[in-house]
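Observations on chain architecture
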Amino acid sequence: MKLSHFQFDLPKELLAEYPAENRDEARLMVIDRKKGTIEHKMFKDVIDYFDDGDVLILNNTKVFPARLYGNKEKTGARIEVFLLRELNSEQRLWDVLVDPARKIRIGNKLYFGDDDSLVAEVIDNTTSRGRTLRFLYDGSYEEFRNKLTELGETPIPKYISRDVTPEDAERYQTIYAKEEGAVAAPTAGLHFSKHLLKKLEIKGIKFAEVTLHVGLGTFNPVEVEDLSKHKMDSEELKITQEACDIVNEAKAKKKRICTVGTTSMRAVESSVSSQNTLNPFDGWTNKFVFPPHDFTIPTCMITNFHTPKSTLLMMVSAFCGHDLMKKAYAEAIKEEYKFYSYGDAMLII
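First things first, this report covers the structure right here in the doc. (Residues numbered from 1 in each chain as written. Predicted model: local features only at pLDDT ≥ 70, side-chain atom pairs only at ≥ 80, totals over all residues. Heavy atoms only, no water.)

Comments concerning the sheet that holds strand β10 (residues 130-136)
We apply this condition: Each pair of strands is called paired provided DSSP finds at least two bridges between the two strands. Here a strand is any run of E in DSSP of at least two residues, a helix any run of H or I of at least four, and the numbering for each starts at the N terminus. In this analysis an axis means a line fitted to C-alpha atoms, helices contributing only their contacting stretch, and an angle means the value between N-to-C directions, from 0 to 180 degrees. When checking whether two residues touch, look at their non-hydrogen atoms; a contact exists if any pair is within 4.5 Å.
If you trace the 6 strands once around the closed barrel, you get β5-β6-β7-β10-β9-β8, paired in antiparallel fashion. Taking the axes of each pair of neighbouring strands and ignoring which way they run, one obtains an average angle of 45 degrees across the sheet. Taken together, the 3 bridges between strand β5 (residues 67-72) and strand β8 (residues 109-112) define a ladder with antiparallel strand orientation. Bridging from a neighbouring strand, G70 pairs with F112 of β8. On top of the sheet, helix α1 (residues 141-151) reaches β5, β6 (78-88), β7 (93-99), β8, β9 (118-125) and β10; it is set at about 90 degrees to β9, its chief contact.

Here we look at the packing of aromatic side chains
The condition that has to hold: In this scheme Phe, Tyr and Trp rings, the latter by its six-membered ring, pair at centre separations within 6.5 Å, and the angle between planes marks the pair as stacked below 30 degrees, edge-to-face above 60, and tilted otherwise. We call a residue buried when its accessible area falls under 20% of the maximum for its residue type, exposed when it is over 50%, and partly exposed in between, using a 1.4 Å probe and counting protein chains only. Definition used: whenever NZ (Lys) or CZ (Arg) falls within 6 Å of the ring centre and also within 35 degrees of the ring normal, the charge is taken to sit over that ring.
One pass over the structure, following the stated rule, counts 16 aromatic pairs. An angle of 45 degrees between the planes, with centres 6.3 Å apart, marks the rings of F8 and F339 as tilted. In this pair, F8 is assigned in the segment before β1 (27-32) and F339 in the loop between α7 (322-334) and β17 (345-348), connecting sequence segments 331 residues apart. Exposure class is identical for F8 and F339. Each is buried. A ring pair is formed by F305 and F339, whose centres lie 5.3 Å apart and whose planes are at 50 degrees; its orientation type is tilted. Here F305, found in the loop between β16 (300-304) and α6 (311-320), pairs with F339, found in the loop between α7 and β17; they are 34 residues apart in sequence, far enough to count as distant. For F305, a relative accessible area of 0% translates into the label buried. Seen from the ring of Y69, R78 lies directly overhead, with NZ or CZ sitting 4.0 Å from the centre.

What about the pairing of β1?
Burial analysis of β1 places 5 of its 6 residues in the buried class, which makes it a mostly covered element. Judged from the 6 bridges that link them, β1 and strand β2 (residues 37-42) form a sheet pairing that is antiparallel. Across the sheet, residue I31 finds its bridge partner in β2, namely I38. Count of turn residues in the β1/β2 antiparallel hairpin: 4 residues, of which G36 carries a positive phi of about 70 degrees.

Here we look at the sheet that holds strand β3 (residues 55-59)
Ordered in space as β2-β1-β17-β16-β14-β3-β12-β13-β15, the 9 strands form an open sheet in which the pairing is mixed. The two strands at the open ends of the sheet, each matched to only one other strand, are β2 and β15 (281-285). The mean angle between the axes of side-by-side strands here comes to 20 degrees, regardless of whether they run parallel or antiparallel. Examined bridge by bridge, β3 and strand β12 (residues 206-212) share 5 bridges and lie parallel to one another. In the strand pairing of β12, L58 is matched with E209.

Overview of the nonpolar core
The following threshold applies: Side-chain atoms within 4.5 Å are what join buried Ala, Val, Leu, Ile, Met, Phe, Trp, Tyr and Cys residues into a set we call a nonpolar core.
With 63 residues, the main nonpolar core has M29, I31, I57, F339 and M346 as its most contacted residues. At 7 residues, the largest contribution of residues to this core is made by α6. Those residues in contact with M346 that lie beyond four places of it in its chain are L28, M29, I31, M301, I302, T303, N304, F305, V316, A328 and Y329. Formed by 24 residues, the second largest nonpolar core is a distinct cluster that contains L68, L97, L133 and L148.

Observations concerning the packing of α6 against α7
Here is the rule we go by: Here the word oblique covers every angle except those under 35 degrees (roughly parallel), over 145 (roughly antiparallel) and from 65 to 115 (roughly perpendicular). The handedness criterion is simple: a crossing whose near helix is rotated anticlockwise from the far helix by less than a right angle is left-handed, and one whose near helix is rotated clockwise is right-handed. Here the nonpolar group is Ala, Val, Leu, Ile, Met, Phe, Trp, Tyr, Cys and Pro; Asp, Glu, Lys and Arg are the charged ones; every other residue, Gly included, is treated as polar.
Running from amino to carboxyl end, α6 crosses α7 at an angle of 120 degrees, the nearest separation of the two axes being 7 Å. In this view, α6 runs oblique relative to α7, as classed from their interaxial angle. Of the two elements, α6 crosses α7, and the hand of that crossing is right-handed. Counted together, L313, V316, S317 and C320 of α6 and H322, L324, M325 and Y329 of α7 form the full contact between these two elements. Looking at the contact of α6 with α7 residue by residue, the class counts come to 6 nonpolar, 2 polar and no charged.

Notes on the environment of I79
Mapping I79 onto the fold places it in strand β6. We classify I79 as buried; its relative accessible area is 0%. For the pair I79 and V98, spaced 19 residues apart in the sequence, the C-alpha separation amounts to 6.8 Å. The residues contacting I79, other than those within four sequence positions of it, are L68, Y69, G70, K72, V98, D99, P100, I104 and L110.

Set out below in structure tokens:
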């Protein structure tokens with residue numbers, strides 16, 4: 001498969017600027033791979049496709065308010081600082097992206113907050129937009145983290161042209177988010193309401209939680225025609241023994257195992273044993289799933305509608321079958337499904 005196989009025309013008005021009014025009332029396209037059929041449902045109908053003992057694999061990462069706005073010393077120029085990951089908690093070193101980058105050089109200081117209570121010094125250049133910052137703050141580590149949370153805003157994706165609203169802090173977060181560390185939400189999970197999760201639990205569906213801290217690399221378009229040459233950014237991944245036990249027991253009983261989102265899929269496909277069972281994992285993964293790929297753990301997946309030439313679309317193609325995926329996407333555009341982070345969902349069975 002080549003990059004050009006993943007190009008399609010996506011009308012701009014289908015990019016979702018806001019989420020559905022209620023989480024579980026987004027639209028749901030159901031694709032049956034065996035029958036080759038496509039059905040149109042509401043997300044809350046997802047419960048009809050699962051029975052007692054089936055498993056949903058959820059990514060419980062939590063998005064932190066990663067986007068800060070500061071002012072450059074002397075000039076006062078407004079600079080966006082996007083926190084990617086903490087490098088050293090004692091020294092308060094962070095890997096960040098800055099915009100506009102050309103103005104920000106090693107040794108520059110940036111001031112944050114109305115009272116300039118938080119200061120950062122640029123200590124290294126990492127990429128064209130990447131910098132290493134050392135934050136200077138009078139206070140304990142906990143107070144420093146609280147300050148970052150207070151000054152930061154929800155990192156909704158750049159394609160959303162509106163300003164961040166207070167609602168985004170809640171809606172750009174799954175209701176089962178626990179482990180802080182993501183700079184982008186695992187968006188398929190945004191559709192689950194508390195009520196729907198409770199109904200699934202009552203029906204006997206089990207939940208296996210994994211933690212994959214989604215990085216900005218998830219938005220990077222592929223730029224090489226030969227997909228095998230594309231390099232994924234590494235992301236931190238944790239899979240516990242408890243999660244493995246839930247999944248492997250269901251697999252042994254031939255139950256339905258559903259990864260909720262491309263991040264859950266990448267997580268489990270990063271840690272398959274030689275016996276085709278799920279192994280515990282604690283480290284970093286740069287797994288890139290693209291066609292052809294043999295999936296050993298999941299029997300179905302829930303995912304949103306993705307943008308052209310994205311690694312997420314390639315994973316869906318590998319799982320769904322390329323021709324069926326293309327048919328589904330053509331139908332989604334015709335039926336005006338909403339795409340991307342706040343968009344509608346598909347269930348592939």
